[in-house]
Amino acid sequence: MNSAKTFYLKAFLALLLAVLSVTFYLPGLSGGYWLDDFSNLPSIFREVKSDGVLYAIGNGQAGPLGRPLSLLSFALQADSWPLARNFIAANIFIHALNCLCVFALSFLLLKHGPYQWKDKRACFLAFLIALLWGGAPIQVSSVLYVVQRMTLLSSTFVLVSLLLFIWGRLLLVRGRSAVGLVLICVLVPISGVLGLYSKETAFMLIVYLLVVDYWLEASNPVCNRNFVLIVRWPLFVVFFGFLFYLFSLLFKPEDFYAVRDFTVYERLMSQAVIVWEYARQIMLPRVSELGLYHENHPVSRNLLEPATAFSVAALLVVLAVFATFIKMRARIGVFVIAWYFGGHLLEGTSLPLELYFEHRNYLPSFALWFAFGVGLYKLCFEVFGKAKRSLVVVLGFCYVALLLAQGNYLVRLWGEPIRLAYLYTIERPDSIRAREMMIYLYQTHGEINSVKHELSRLDQDFSDNLTVKLLQLEYSCLYPDVIQYSFSRELFLLAKKPQVSMGAIGAISDLFERASDKEGCSGYQVLTLVELLDLLIENPKYASNKGNILSLRSEIMLYLGDLEAALRDMQSVVDPNYQMSVRIVQLLATLGRNEEALALLEDIKSNIKYSLQVEAQSEYLELFKSELLK
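Residues numbered from 1 in each chain as written. Predicted model: local features only at pLDDT ≥ 70, side-chain atom pairs only at ≥ 80, totals over all residues. Heavy atoms only, no water.

Student: Describe in detail the overall build of the chain, supporting the description with residues and values.
Tutor: Tallying secondary structure elements over the chain gives 29 helices and zero strands in all. Taking 2.2 N^0.38 as the reference for a compact globule, 630 residues should give roughly 25 Å; the C-alpha atoms of the chain span a radius of gyration of 27 Å, in line with that estimate. The principal-axis extents of the C-alpha atoms in the chain amount to approximately 80 × 60 × 50 Å. By the burial criterion, 53% of the 630 residues in the chain qualify as buried. Within the chain, residue pairs in contact and separated by at least 24 positions form 75% of the contacts whose partners lie at least 6 positions apart. Of the roughly 29,000 Å² that the chain leaves accessible, carbon and sulfur atoms contribute 62%. The positive charge centre, built from 54 side chains, and the negative charge centre, built from 53, are 15 Å apart in the chain. (Helix = DSSP H or I, 4+ residues; strand = E, 2+ residues; numbered from the N terminus. Rg over C-alpha atoms; globule rule 2.2 N^0.38 Å. Buried < 20%, exposed > 50% of the residue type's maximum accessible area, 1.4 Å probe, protein only. Contact = heavy atoms within 4.5 Å. Areas by Shrake-Rupley, 256 points an atom, 1.4 Å probe, with all protein chains shown as cover. Lys, Arg positive; Asp, Glu negative; His and termini not counted. Charge placed at Lys NZ, Arg CZ, Asp CG, Glu CD.)

Student: So, the layout of surface pockets: which residues are in play, and what are the values?
Tutor: Counted as a void, the second largest pocket has a volume near 1,200 Å³. For the lining of the second largest pocket, the secondary-structure elements that each account for two or more residues are α10 (205–217), α11 (225–248), α12 (264–283), α13 (306–328) and α14 (331–342). When residues of the lining of the second largest pocket are assigned to their parent elements, the largest contribution, seven residues, is made by α13. Looking at the lining of the second largest pocket, its residues break down into 26 nonpolar, five polar and three charged. (1 Å grid on protein atoms, 1.4 Å probe; cavity = no way out; pocket = protein on both sides within 12 Å on 5 of 7 lines; lining within 4 Å. Points joined across faces, edges and corners; volume = space filled by probe spheres on them. Nonpolar A, V, L, I, M, F, W, Y, C, P; charged D, E, K, R; others polar.)

Student: Describe empty space enclosed by the protein, with residues and values.
Tutor: Taken as a whole and judged by the stated rule, the model has two cavities of 30 Å³ or more. Along the wall of the largest cavity there are 17 residues; nearest its centre are T201, E347, R360, L363 and P364. The greatest single-element share of the lining of the largest cavity, amounting to four residues, is contributed by helix α8 (residues 149–173). Grouping the constituent residues of the lining of the largest cavity by class yields eight nonpolar, six polar and three charged. When the residues that make up the lining of the second largest cavity are grouped by side-chain class, the tally is three nonpolar, four polar and one charged.

Student: So what's going on with the packing of helix α5 (residues 85–112) against helix α6 (residues 119–135)? Which residues, and what values?
Tutor: With their axes 8 Å apart at the nearest point, α5 and α6 run at an angle of 145° to one another. Both α5 and α6 take part in a crossing whose hand is right-handed. On the side of α5, the interface is formed by H95, N98, C99, V102, F103, S106, F107, L110 and K111, while α6 contributes D119, A122, C123, L125, A126, F127, I129, A130, W133 and G134. Here the residues of the contact of α5 with α6 sort into 13 nonpolar, four polar and two charged. (Axes fitted to C-alpha atoms, helices over the stretch in contact; angles between N-to-C directions. Left-handed = near helix turned anticlockwise from the far one by under 90°.)

Student: Which residues make up helix α25 (residues 563–572), and what values go with them?
Tutor: The complete set of buried residues in α25 reads A565, A566, L567, D569 and M570. Where the residues of α25 are buried, they touch α24 (546–560) and α26 (578–590).

Encoded structure:
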């Protein structure tokens, strides 16, 4: 196939893929906000309005690096808040771009990998792989859940990095060492860092680079000594260093996992089960089981449980098969196992994260669809004859059609938030988050009697849950004529309970905001919230949340006029953020401790971690400094 025809075919398929990807997700534009959207997005837009974009993107708390690129993408849409449509549209656009990247990646892997398939064959197969990857039901929550833009953007930079790596590697094979090494050693790391500043899961680029390098080595070996010394070996060193870090978490103090109701070993056993559940949901999805609310996923407590024992045994078999594939140079097997399981190493091993989230499969799922595409082709044209080939094609077409139909059905559900939330409450009655979302949607539509009814049902089902009790107080504050709840001493007992009540700290923060309004609330007093926070500070299960609790307590003490107590709380926070550090300076100045305030102010200005916020508030900080020097 000549180059001109190849170009037009690739351009046509890329355009068709982009159109299909966007059209597929258009029904989701009428969707809304969910879960972490409410805890992340409003603060970004408040900061954009009060202190500017630079301050907002530098003040991120979502991850160790702050995810400033993701925050920038949200900040640029600040005028659209609170309507969700434009935010969802941006997510769909990024996902469509990622589908194009997956198309390009699949084409290059098929054309230049062990099979070295011709352009036309590689093009059509790459199109099928990208279509399945982009339209699979498990991807829907990643695309239409607004805050998961962080996952989408991070994946964009990872995919771009992989394309640049392959391009550079092919140039090395063809003898253009200088250009190839520049692409691999300069542009790939830059793109990777941009991915990290979108979301830290971009670190798994290390795994994907090693897998792609192994895949291409069969037919396009690199003989360049510099590539081996400054690319391949450093990748291995970083990868094994990462494995050592994950292993070291097994020996962390107990309070490292205090926020969870499982230990690190229980998490590992649970993930052994979940990684197979993910694979099944990717290839053979059940729409009723997909979505956001998996906080009550069963925890594997020991190896004697049948599901756990089977899953762990299956993983051991996979490791044995993986080792055999390496020895046999069965590269498709190594590729699929290393990409899929390696892609889950960060979020699916020893970090104290929640057990189950679908967006963790956004990139790892590519391996399964790549294997599906390759396997389908080989069955049709290398294993079966003409008669059986037709049957395989028909069955394959039916499977693809059914999968995409399920995906589009789920997209349409996400476009109807009330219906989706109602289905979640029916399918997952043990999820407080799902039930709380239904209550919120009733509220936004003015159905206050339904809010009252659902709150009553929630209290019956979760009578010993602190967050539920606090939620009742909040709604009674908002609608005192319809909903009547008052602060009970029972809440103090629940705060002492050796179990984390997810969302309790946020609920207390909301109650404080309600109480500090001009009208206030009659069902509780601000001082009772302080007592509640004191109990949470003493509760070892909240040890990892101590910083957030102290931060909230300091805000309340400021409101109550106890500056010394507020200062003590702030200074007790380990590694305070920029905003709190500036508040400490302000409090020190108010209390007449100017020398301490000046010293801390200089520390803030010289801290590279706060560089964006310092730049955004440079004029204010200089004026403040001059006031302190008087």
